[in-house]
Amino acid sequence: MAKPSLSELEQDVEYLAKRTMRVGGNDRNRDRAYRDWGLSSNSIVGIAYGLDVPQTMPWDRADYAACVRAVKRMPRHRRTAQVLLALRQAKRSYKQGWGR
């Protein structure tokens, strides 16, 4: 993996800081539509940032949707083939009920 540029590092910090501020919100209606955090999406973000973490599969539709939002919101340079593969695996898992 190539060393990230200063611009990419700034994008990483902005993404992670904004994501951190959204975690733990208590507005249930807003959370359903905008949530991009949870065990499964956190594991995909970990993969994006090079952590050696096992992928946690989504439990339900809302959890899978959080995975999609997390990937859509992450900086483009973090949307690698490995991340997109993890998102496809999450979709397949959710559709087949593996997370349950």
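Residues numbered from 1 in each chain as written. Predicted model: local features only at pLDDT ≥ 70, side-chain atom pairs only at ≥ 80, totals over all residues. Heavy atoms only, no water.

Colleague: Would you mind showing me how to read the pattern of salt bridges here?
Modeller: What the rule picks out here adds up to four salt bridges. The residue Arg 78 makes a salt bridge to Asp 12 at a minimum N-O spacing of 2.7 Å. Taken together, the positions of Arg 78 in the loop between α4 (61-73) and α5 (81-96) and Asp 12 in helix α1 (residues 6-22) put the pair 66 residues apart, joining distant regions of the chain. Judged on exposure class, the residue Arg 78 and its partner Asp 12 are both buried. Here Arg 35 ties to Asp 63 by a salt bridge, and the two come within 3.9 Å at their closest N and O atoms. Placement of Arg 35 in the loop between α2 (28-34) and α3 (39-48) and of Asp 63 in helix α4 is noted, with a sequence separation of 28 residues between them. For Arg 35, a relative accessible area of 17% puts it in the buried group. For Asp 63, a relative accessible area of 11% gives the class buried. (Salt bridge = Lys/Arg side-chain N within 4 Å of Asp/Glu carboxyl O. Helix = DSSP H or I, 4+ residues; strand = E, 2+ residues; numbered from the N terminus. Buried < 20%, exposed > 50% of the residue type's maximum accessible area, 1.4 Å probe, protein only.)

Colleague: So what exactly am I meant to see when it comes to the packing of aromatic side chains here?
Modeller: Geometrically, a pair of aromatic rings is defined through the distance of the ring centres and the angle of the planes. Following the criterion strictly, the structure yields one aromatic pair and no others. Both rings, one in Tyr 64 and one in Tyr 94, keep their centres 5.7 Å apart while their planes meet at 5°; by these two values the pair is stacked. Placement of Tyr 64 in helix α4 and of Tyr 94 in helix α5 is noted, with a sequence separation of 30 residues between them. Looking at Arg 35, its charged tip hangs above the ring of Trp 37, at a distance of 5.7 Å from the centre. (Phe/Tyr/Trp six-rings, centres within 6.5 Å; stacked < 30°, edge-to-face > 60°. Lys NZ or Arg CZ within 6 Å of the ring centre and 35° of its normal.)

Bear in mind that shape data such as this cannot, by itself, settle questions of function.
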